[in-house]
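# Examination of the molecular architecture
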Amino acid sequence: MTACLLIDFGSTYTKLTAVDLTQEIILGTSKSKTTIETSIMDGFYTAKKELLEKIDQPNIEFKHHFACSSARGGFRMIAIGLSPTLTTEAAKRAALGAGTRILKVYSYGLKKEDIVEIETLNPDIILVCGGTNGGNTEGIINDTKLLTSLRQPFPLVVAGNEEAYPIIEELLKTTNLPYYLTENVMPQINVLNDQPTREILRDIFMKKIVEAKGMDTAEKEIGNILMPTPTAVLHAAELLANGTATENGLDSVLVIDIGGATTDLHSIGDGKPSNPEIRMEGLQEPNSKRTVEGDLGMRYSALSLLESVKYKKFNHYLPDMEEEDIYRACAFRSTHPEMVAKTTGETNFDEVMGKIAIETAFNRHAGSYRREPTPSRILLYQTGKDLGAFDAIIGTGGILIHSKKSEEMMAACLRVENDSYLKPIQPNFYLDQSYILSAMGLLSDKFPDIALRILKKYLVKL
């Protein structure tokens, strides 16, 4: 047997997955509270002890250790761009694709009061964009000038109009701000070039994550942290969709992850129109796209969920429930994030929250049509991805994994009659019942074929 230990140092829990690479099976999983306050290794040792007891192999030797992390609350970023629909949106997509959590975005030029707010938000990194190559330089230069007044040495990644870089470098090299100049994230109008920015963001994340207490000890014992946890999940989704040289994938894949604070959605596939007469417009979509909805959560963000969709959406599923009772239920979950539903009423309310979070997240992630009448016909223009032909939707997160109505909740993502959003039509639903997506994303870095076969074996088709 060749054993491998896969580790996820999460912001709340440290999760371990033991795999037998020879038989291509999962030996067992465990988790323990992440102990950032003392040493991150305390939680790791507790989880490992539990894992070894579960699999009843106290003397097992793990030949390989692979780890990801979202400790320290994830990688917190601020994105700055010129136009909210173009360079700022390009910055957001690059940042989310790198596994970051966006605290705030700024457009149309920074102001002095924004600098004060940025200091208060205390980001791990600031991404500065603006202007296509050969276009406007004034905006990104003015933003950089204001950022030089920051009192804290926040790292800056500059990914805007490259013609402004000589002036920007002159401004930054006299400060104590660490800075990185990379390729323009939007070199031409509506053309996305996010990969160089993603790579720099991940490199910075790896350096910053070592600052967590005990992480230096972790790296000595288990090796380097390979990637942020959201990136590991994205890698698993990409593996499932694209396959390998010897193993077929599922073609196009969506992953929906509902948590206490956010609902994350990954789509792997181009989502281009199936009808050649439909024209694309707007910013180019990445083949691998991740969106994070910070107002759609089951616990910490329960009140934000209610504020986003209003009482009418809850009443659609719970017609007999008074507004006051809906508010009280959301408020309690928001202030008691550790709550576990025990009664039938609590469970039903959680499942309704799950449906609403899924429907809303898909509405935001999916593309849409714009109809333009002409004297002879109506022209259709598509913005964003068409998810209609996506083959597989994989659900993960506690509410989906532990519910008896997982498929019913996931069906809230489907396109309905007269829907303006290009959501899925007839996909297959799967459940990540063993919580292995991030683990297999890690494993795919060295053993992609094995990781894909394990995913196919352990994902539960509904």
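Residues numbered from 1 in each chain as written. Predicted model: local features only at pLDDT ≥ 70, side-chain atom pairs only at ≥ 80, totals over all residues. Heavy atoms only, no water.

## Focus: the overall build of the chain
When its secondary structure is counted, the chain shows 15 helices and 19 strands. Radius of gyration (C-alpha) of the chain: 23 Å, near the 23 Å computed for a compact globule of 462 residues. In terms of its C-alpha atoms, the chain occupies a principal-axis envelope of roughly 65 × 60 × 55 Å. The 462 residues of the chain split such that 53% are buried. When the accessible surface of the chain is split by element, carbon and sulfur atoms take 49% of a total near 20,700 Å². (Helix = DSSP H or I, 4+ residues; strand = E, 2+ residues; numbered from the N terminus. Rg over C-alpha atoms; globule rule 2.2 N^0.38 Å. Buried < 20%, exposed > 50% of the residue type's maximum accessible area, 1.4 Å probe, protein only. Areas by Shrake-Rupley, 256 points an atom, 1.4 Å probe, with all protein chains shown as cover.)

## Focus: the nonpolar core
Ranked by size, the top nonpolar core spans 35 residues in total, and within it Ile256, Phe314, Phe349, Ile358, Phe362, Ile393 and Leu400 carry the most contacts. With 8 residues, helix α11 (residues 344-365) is the largest single contributor of residues to this core. Not counting chain neighbours up to four residues away, the residues in contact with Ile256 comprise Thr263, Asp264, Leu265, Ile358, Ala361, Phe362, Ile393, Ile394, Gly395, Thr396 and Leu400. Ala392, Ile436, Ala439 and Leu442 belong to the second-largest nonpolar core, a separate cluster that totals 34 residues. (Core = buried A, V, L, I, M, F, W, Y, C linked by side-chain atoms within 4.5 Å. Contact = heavy atoms within 4.5 Å.)

## Quick notes on the pattern of salt bridges
Overall, the coordinates contain 30 salt bridges when judged by the stated rule. Between Glu285 and Arg93 there is a salt bridge whose closest N-O contact spans 3.0 Å. With Glu285 in the loop between β13 (279-280) and β14 (288-293) and Arg93 in helix α2 (residues 87-97), the pair connects residues that are 192 residues apart, well separated along the chain. The same class applies to Glu285 as to Arg93, namely buried. Where Arg377 meets Glu277, a salt bridge forms, and the shortest distance between an N and an O atom there is 3.7 Å. A residue pair is termed long-range when its members are at least 10 positions apart, and Arg377 in the loop between β15 (368-373) and β16 (378-383) and Glu277 in the loop between β12 (263-268) and β13 qualify at 100 residues. Residues participating in the shared-partner salt-bridge network are Glu89, Lys92, Arg93, Glu285 and Lys289. (Salt bridge = Lys/Arg side-chain N within 4 Å of Asp/Glu carboxyl O.)

## Some words on the domain arrangement of the chain
Here the chain is partitioned into domain 1 (1-71), domain 2 (76-207) and domain 3 (253-431). Here the C-alpha centre of domain 2 lies 36 Å away from the C-alpha centre of domain 1. (Domains from an automatic or database assignment.)

## Concerning the side chain of Asn184
With respect to the element layout, Asn184 can be found in the loop between β9 (179-181) and α6 (195-209). Within the structure, Asn184 has its side chain in polar contact with the backbone oxygen of Gly131 (distance 2.9 Å). Reaching out from Asn184, the side chain makes a polar contact with the backbone nitrogen of Met186 at a distance of 3.0 Å. When neighbours within four sequence positions are excluded, Asn184 is seen to be in contact with Gly131, Thr132, Asn133, Ala159, Gly160, Asn161, Glu162, Tyr165 and Asn193. (Polar contact = N/O pair within 3.5 Å; in protein donor to acceptor, adjacent residues only side chain to side chain.)

## Structural notes on unusual backbone geometry
Of note, Asp251 is a non-glycine position whose phi angle comes to about 80°, a positive value. Looking at where Asp251 falls in the secondary structure, it is placed in the loop between α8 (229-242) and β11 (253-258). Given a relative accessible area of 58%, Asp251 falls into the exposed group.

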